[in-house]
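Coordinate analysis (summary)
Here's the letter readout for the chains.
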Amino acid sequence: MTDLETSMATIISVFQKYSEREGDKHKLKKSELRDLLNEELPDLMGHVKDQSTLDGLMESLDADGDAECNFQEFMTFISVVTVCCHEFFEHEEE
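Residues numbered from 1 in each chain as written. Predicted model: local features only at pLDDT ≥ 70, side-chain atom pairs only at ≥ 80, totals over all residues. Heavy atoms only, no water.

Per an unreviewed UniProt entry, the protein chain carries the name S100 calcium binding protein, beta (neural) and comes from Fundulus heteroclitus.

Next up on the list: the packing of helix α2 (residues 30-40) against helix α4 (residues 51-61). The interhelical angle for the contact between α2 and α4, taken along N-to-C directions, is 115°, at an axis separation of 11 Å. Regarding the angle of α2 to α4, the classification is roughly perpendicular. Of the two elements, α2 crosses α4, and the hand of that crossing is right-handed. From α2, Lys30, Leu33, Arg34 and Leu37 reach across to α4, where they touch Gln51, Leu54, Asp55, Leu57, Met58 and Leu61. Grouping the constituent residues of the contact of α2 with α4 by class yields 6 nonpolar, 1 polar and 3 charged. (Axes fitted to C-alpha atoms, helices over the stretch in contact; angles between N-to-C directions. Helix = DSSP H or I, 4+ residues; strand = E, 2+ residues; numbered from the N terminus. Parallel < 35°, antiparallel > 145°, perpendicular 65-115°, else oblique. Left-handed = near helix turned anticlockwise from the far one by under 90°. Contact = heavy atoms within 4.5 Å. Nonpolar A, V, L, I, M, F, W, Y, C, P; charged D, E, K, R; others polar.)

Right, let's get into the packing of aromatic side chains. A complete count under the given rule lists 3 aromatic pairs for this structure. Between phenylalanine 15 and phenylalanine 71, the aromatic rings sit 5.1 Å apart at their centres with planes inclined by 80°, giving edge-to-face as the arrangement. With phenylalanine 15 in helix α1 (residues 3-19) and phenylalanine 71 in helix α5 (residues 71-92), this pair connects stretches of sequence that are 56 residues apart. Accessibility expressed as a relative area gives 3% for phenylalanine 15, which makes it buried. Classification of phenylalanine 71 by relative accessible area gives partly exposed; the value is 29%. Plain terms: the ring middles of phenylalanine 71 and phenylalanine 74 are 6.3 Å apart, the flat faces sit at 45° to each other, and that makes the pair tilted. (Phe/Tyr/Trp six-rings, centres within 6.5 Å; stacked < 30°, edge-to-face > 60°. Buried < 20%, exposed > 50% of the residue type's maximum accessible area, 1.4 Å probe, protein only.)

In structure tokens form, the structure reads like this:
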């Protein structure tokens, strides 16, 4: 597999690893999403200082209002974070 294919497979695998813990294996409950963010993105989450910020993030991810995060909503989040990281490092190089 190419690097990109491997990265895509890893994202899917990480989502499934957490979504399978309880309930619907195609969606992340709030507790599963919180665990995923804290365990898989610890540096990013280190900048989140209070629970209300994390709650707001989770609510903003829930586009369909079902109080869970499906894979499409999760990928939207991953895409936005990746774009922000790219922009940060792009400006840092200048």
